[in-house]
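Commentary on secondary and tertiary structure
Residue strings, one per chain:
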Amino acid sequence: NPNFYWFEAAVPKFALRRLYVPLMTCFYSALRKLNVENHSLSGSFDDALNDPKHNTWEAVLSEGQSMRDWVMSFYDIAHTWDGTPLWPKQMTDFSVYFKKDEWEDQLEYAIAFHLIGAHRLESGQWSFDVPQ
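The sections below set out a description of the structure shown in this document. (Residues numbered from 1 in each chain as written. Predicted model: local features only at pLDDT ≥ 70, side-chain atom pairs only at ≥ 80, totals over all residues. Heavy atoms only, no water.)

**Thoughts on the overall build of the protein chain**
- When its secondary structure is counted, the protein chain shows 3 helices and 2 strands.
- In the protein chain, the succession of helices and strands from N to C terminus is α-α-β-β-α.
- The burial tally for the protein chain puts 6% of its 132 residues in the buried class.
- Residue pairs at least 24 apart in sequence account for 28% of intrachain contacts in the protein chain once pairs closer than 6 positions are excluded.
- Looking at the protein chain as shown, the accessible area adds up to about 12,000 Å², and 60% of this sits on carbon and sulfur atoms. (Helix = DSSP H or I, 4+ residues; strand = E, 2+ residues; numbered from the N terminus. Buried < 20%, exposed > 50% of the residue type's maximum accessible area, 1.4 Å probe, protein only. Contact = heavy atoms within 4.5 Å. Areas by Shrake-Rupley, 256 points an atom, 1.4 Å probe, with all protein chains shown as cover.)

**Looking at the packing of aromatic side chains**
- Under the criterion given, the structure shown has 4 aromatic pairs.
- Here the aromatic rings of Phe27 and Tyr28 are separated by 5.1 Å at their centres, their planes lie at 70 degrees, and the arrangement is edge-to-face.
- Note on Trp57 and Trp70: the rings are 5.7 Å apart at their centroids and 85 degrees apart in plane angle, and the pair reads as edge-to-face. Linking Trp57 in the loop between α1 (13-34) and α2 (67-76) with Trp70 in helix α2, this pair joins segments that are 13 residues apart in sequence.
- Residue Trp57 is classed as partly exposed on the basis of its relative accessible area of 34%.
- By way of ring pairs, the aromatic residues Trp57, Trp70 and Phe74 are connected into one cluster. (Phe/Tyr/Trp six-rings, centres within 6.5 Å; stacked < 30°, edge-to-face > 60°.)

**Details of a nonpolar patch on the surface**
- A cluster of nonpolar side chains, namely Trp57, Val60, Met67, Val71, Tyr75, Leu86 and Trp87, defines an oily patch on the protein surface of about 560 Å² accessible area.
- As for its position among the elements, Tyr75 is in helix α2. (Patch = residues over 30% accessible without salt bridge, like charges linked within 9 Å, V, L, I, M, F, W, Y side chains within 5 Å. Salt bridge = Lys/Arg side-chain N within 4 Å of Asp/Glu carboxyl O.)

**Observations regarding α1**
- With 22 residues, α1 extends 30 Å from end C-alpha to end C-alpha; this agrees with the ideal 32 Å at 1.5 Å per step.
- In the structure, α1 departs most strongly from a straight axis at Tyr20, where the bend amounts to approximately 40 degrees and where the proline Pro22 lies between one and four residues downstream. (Expected span 1.5 Å × (residues − 1). Bend = angle between axes of the 7 residues up to and from the residue.)

What follows is the structure, given as structure tokens:
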């Protein structure tokens, strides 16, 4: 798991797994229950995924920071006790398959749109005009 707070890198892994992670999971679960549309424990949680004002890269990026740099900032700070990076160096650059807003590689398309992001898909109505 990536570190979400600066002090997590200093917490021993056994304490992180046994104590810290369950406590944080419980805390955020309770926070989600309180942060609902009707301010009751039975309301539905709005995660703002579709909010065009808050769910944007501009809301999180610093000036001059790329999207990749922002994502990697969560992983680059994670190290083992001896200082070895917790996550391996990038071995494959999948951005070469993403060209002009379309996936060129069908395996990557299947992973991105049929496995990982499948919960965000919505059904739609459209038709294709096929020349005869």
